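Residue-level listing of the chains:
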Amino acid sequence: MSAFTPEEIQALRSRFPILGRTVHGKPLVYLDNAATSQMPNSVIEAVREFDRTKHANVHRGVHQLSQEATDVHEGSRDRLAKFLNARRREEIVLTRGCTESINLVANTWGRQNLRSKDVVLVSQIEHHANIVPWQLIGNQTGSTVVPIPVLDDTSLDQDAFLKLLEGAAGPVKLLAIQHVSNAFGTIHPVVEMIRLARARGIATLVDGAQSVPHFAVDVQALDCDFLVFSGHKMHAPTGTGVLYGKFEVLDALGPWQGGGDMIDKVSFSGTTFHEVPYRFEAGTPNFTAAAGFTAALDFLEEVGMEKIHDRDTELVAYAHQELSTVPGLKILGTHLPKAGVVSFVLDGIHPYDAGMFLDQMGIAVRTGHHCAQPAMERFGVPGTIRASFAMFTTETEIDTLVEGVRRVNKILGGR
Ligand code: PLP
C-alpha cells in the first residue's frame, strides 16, 4: 500500500502554489528538492502575517511588537527542540543555515580542541560545507581532514572506517559525517558509527541537511555532540538553520562572531559573554523567517515524518526501476536505504547538456558536482544528473523525467 492515496498527493500539491506554474510553456516538474525545497501556503502565510503584524527586532525592546516578535522567534527554538527531541531548548542555536552551523563548530569547538596532527574524519562523498571549514581550521591548528572511503555502491567502507578510528591516519578527534549523501541519497548508518566513535572518546557531528527533512531524527537516539541542517531544504524560508549541540558541549565553548545579543557586559577593559545559545547568535537574527520555520515544522509533522520517508522509498524504487530501462544510463548510488535522491549519468553526454535540455521540457533537476567534487572524482565523472523528490512528487513526474531523458539520449547520444 502506498504511503499516500493519489487524492492525498493532489491535496498536498495544492498547498504548494509554485507547483501551479509553467516553465518554458510546460507544467513545472520540480525535482530539485535536495537543493531547495518548496514552501507550502502555510509557511508563506506565516511569514507574511509576521511581517504584517509583528515585524520588530527581537530580544531588545520592551514595547509590545518586540515582545511579540521575540515570542515568535523563541517559539521556533522551542518547536525545533521538540522536533529533534532535544533535552533542552538551549541546545538549539539558530543560524543562517547548515554551512554557517558547521563553520560555527569549526571556529569554536575546532579551535579549542584540535591540535597538530589531529584527524577530522569525514566521508569521501561529503558536501564541501563539511570539508572546507575543517580544512580552514586545520590551517590554524595543524589538524588534517581524512576521508572515509566509499564502496562502489556509495556506502561507506566500514572496515576502513574502523581502521581509521583506531588511528591508521593519526589520532581522530572528530567524526564529522553526513547522515544522507546529497549527491547520491545514500543513508549512512550513523547511529552505529557514532557509537563506535564515542566509545573511543571521539566527538561527533552529523550533517543532517538531507536527513532531517526526510525522516524523524532524534538527537537523543543519535547521541551525537552536534547536528546541523538548513531550513530551506525542509519547506521553511531560506536564511534559517540549526546547530544542535549537547548542552554541556556548547556550554564549554567560547563565542565565534561578536556583536549585539551575544554579550553579557561590554566595556573597554573587557567583555563577558551571554549564556548558551545566545552566545553564538551575534547580531539581528532572521526573525521573520523563524515564523516560517515553525510553520514548516507544523506542516511536516501534520503530513507525518514516517509517511514522508515511506513515500521517499516508493519514489526512489520507482525511479530506479524506470530509469534503468534507459539505454546508456547508469545510476550512481545503488546502496539502499536512500532518502529521496536518484543520481545518474548518461554515457557520452555531459550532465550540464542533459540538464539544459530537460529544463526546456519544464523539468528542474540538478546537474553537476552537487558541491561534492571528491565524490565525483571517486566515481570518475565530471558530475551527475540528480533528481530529488518531496512528498508531493508523483510517479507521473518521474515518467516525464524518464521520457525527457530518452529524448536527450536520442538528440545528444544518438541512441
Ligand atoms: N550538507 C549537505 C549534505 C547538503 O546537501 C548541503 C546543501 O546542499 C549543505 C550541507 C549546505 O547547506 P546550505 O547551503 O543550506 O548551508
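Since the model is a prediction, treat every value here as computed from it, not as a measurement. (Residues numbered from 1 in each chain as written. Predicted model: local features only at pLDDT ≥ 70, side-chain atom pairs only at ≥ 80, totals over all residues. Heavy atoms only, no water.)

## A short note on the environment of asparagine 182
Then comes step 1: Tracing the chain through its elements places asparagine 182 in the loop between strand E7 (172–178) and helix H7 (190–199).
Then comes step 2: When its relative accessible area of 5% is taken as the criterion, asparagine 182 is described as buried.
Then comes step 3: The sequence separation of asparagine 182 and serine 388 amounts to 206 residues, and the corresponding C-alpha distance is 9.1 Å.
Then comes step 4: Contact partners of asparagine 182, with chain neighbours within four places excluded, come to His127, Gln210, Val341, His370 and Arg386. (Helix = DSSP H or I, 4+ residues; strand = E, 2+ residues; numbered from the N terminus. Buried < 20%, exposed > 50% of the residue type's maximum accessible area, 1.4 Å probe, protein only. Contact = heavy atoms within 4.5 Å.)

## What to know about the site of the ligand
Then comes step 1: Near the ligand the following residues occur: Cys98, Thr99, His127, Ala129, Asn182, Asp207, Ala209, Gln210, Ser230, His232 and Lys233.
Then comes step 2: A distance of 2.7 Å separates an oxygen atom of the ligand from a polar atom in the side chain of histidine 232.
Then comes step 3: Residue lysine 233 places a side-chain N or O atom 2.6 Å away from an oxygen atom belonging to the ligand.
Then comes step 4: Protein contact buries 85% of the 400 Å² of open area that the ligand shows by itself.
Then comes step 5: A per-class count over the shell around the ligand returns 3 nonpolar, 6 polar and 2 charged. (Near = heavy atom within 4 Å. Polar contact = N/O pair within 3.5 Å; in protein donor to acceptor, adjacent residues only side chain to side chain. Areas by Shrake-Rupley, 256 points an atom, 1.4 Å probe, with all protein chains shown as cover. Nonpolar A, V, L, I, M, F, W, Y, C, P; charged D, E, K, R; others polar.)

## Topic: helix H3 (residues 64–84)
Then comes step 1: With 21 residues, H3 ought to run about 30 Å at 1.5 Å a step, and its terminal C-alpha atoms sit 30 Å apart, in line with that.
Then comes step 2: Of the positions making up H3, those classed as buried are Ser66, Ala69, Thr70, His73, Glu74, Ser76, Arg77, Arg79, Leu80, Ala81, Phe83 and Leu84.
Then comes step 3: Of the residues trailing H3, asparagine 85 is marked for its positive phi of about 55°. (Expected span 1.5 Å × (residues − 1).)

## Some thoughts on the packing of aromatic side chains
Then comes step 1: Summed over all chains, the structure comprises 4 aromatic pairs.
Then comes step 2: Of the aromatic side chains, those joined through ring pairs into one cluster are Phe16, Phe299 and Phe392.
Then comes step 3: When the ring centre of phenylalanine 247 is taken as reference, the NZ or CZ atom of arginine 88 above it lies at 3.7 Å.
Then comes step 4: Geometry around phenylalanine 379 places arginine 378 over its ring, the cationic atom sitting 4.6 Å from the centre. (Phe/Tyr/Trp six-rings, centres within 6.5 Å; stacked < 30°, edge-to-face > 60°. Lys NZ or Arg CZ within 6 Å of the ring centre and 35° of its normal.)

## Thoughts on the pattern of salt bridges
Then comes step 1: Inspection of every chain in the model, using the stated rule, returns 25 salt bridges.
Then comes step 2: Here lysine 246 ties to aspartate 223 by a salt bridge, and the two come within 2.8 Å at their closest N and O atoms. Of this pair, lysine 246 sits in the loop between strand E10 (241–245) and helix H9 (247–251) while aspartate 223 sits in the loop between helix H8 (219–222) and strand E9 (226–230), and the two are 23 residues apart along the sequence.
Then comes step 3: For aspartate 223, a relative accessible area of 27% corresponds to the partly exposed category.
Then comes step 4: In this structure, a network of salt bridges that share partners links the residues Glu74, Arg77, Asp78, Arg89 and Glu281. (Salt bridge = Lys/Arg side-chain N within 4 Å of Asp/Glu carboxyl O.)

## Concerning the domain arrangement of the protein
Then comes step 1: As assigned here, the protein comprises domain 1 (6–37 + 305–413) and domain 2 (46–301).
Then comes step 2: Each partner contributes to the interface: domain 1 provides 36 residues, whereas domain 2 provides 32 residues.
Then comes step 3: Counting each side, the surface lost to burial between domain 1 and domain 2 is near 2900 Å², with a carbon and sulfur contribution of 60%.
Then comes step 4: Considering only the side of domain 1, the residues that lose the most area to domain 2 are Met305, His335 and Arg378, jointly responsible for 23% of the buried surface there.
Then comes step 5: In this assembly, domain 1 and domain 2 are joined by 1 salt bridge.
Then comes step 6: For aspartate 152, the salt bridge is made with arginine 378, and the minimal N-O distance between the two is 2.7 Å.
Then comes step 7: The tally of links from domain 1 across to domain 2 stands at 23 residue pairs in polar contact (both at pLDDT 80 or more).
Then comes step 8: Of the residues forming the side of domain 1 that touches domain 2, the biggest block, 5 residues, is contributed by helix H13 (residues 373–378). (Domains from an automatic or database assignment. Buried area = accessible area lost by both parts, 1.4 Å probe.)

## Brief notes about the sheet that holds strand E5 (residues 119–123)
Then comes step 1: With mixed pairing, the 7 strands of this open sheet are ordered in space as E4-E10-E9-E8-E7-E5-E6. Each edge of the open sheet carries a strand with a single partner, namely strand E4 (92–95) and strand E6 (144–148). Between one strand axis and the next, the sheet turns through 20° on average, direction left out of account.
Then comes step 2: Here H7 sits on the sheet and contacts E6, E7 and strand E8 (203–207); the angle it forms with E7, its principal contact strand, is near 175°. (Pairing = 2+ DSSP bridges. Axes fitted to C-alpha atoms, helices over the stretch in contact; angles between N-to-C directions.)

## Looking at the packing of helix H11 (residues 305–323) against helix H14 (residues 395–413)
Then comes step 1: Close contact between H11 and H14 brings their axes to 10 Å; oriented N to C, the two are set at 30°. Relative to H14, the element H11 lies roughly parallel. In this structure, the crossing between H11 and H14 has a hand that is right-handed. The segment H11 lies against H14, with Arg311, Leu315, Tyr318, Ala319, Glu322 and Leu323 engaging Glu395, Ile398, Asp399 and Val402.
Then comes step 2: Across the contact of H11 with H14, the residue classes tally to 6 nonpolar, no polar and 4 charged. (Parallel < 35°, antiparallel > 145°, perpendicular 65-115°, else oblique. Left-handed = near helix turned anticlockwise from the far one by under 90°.)

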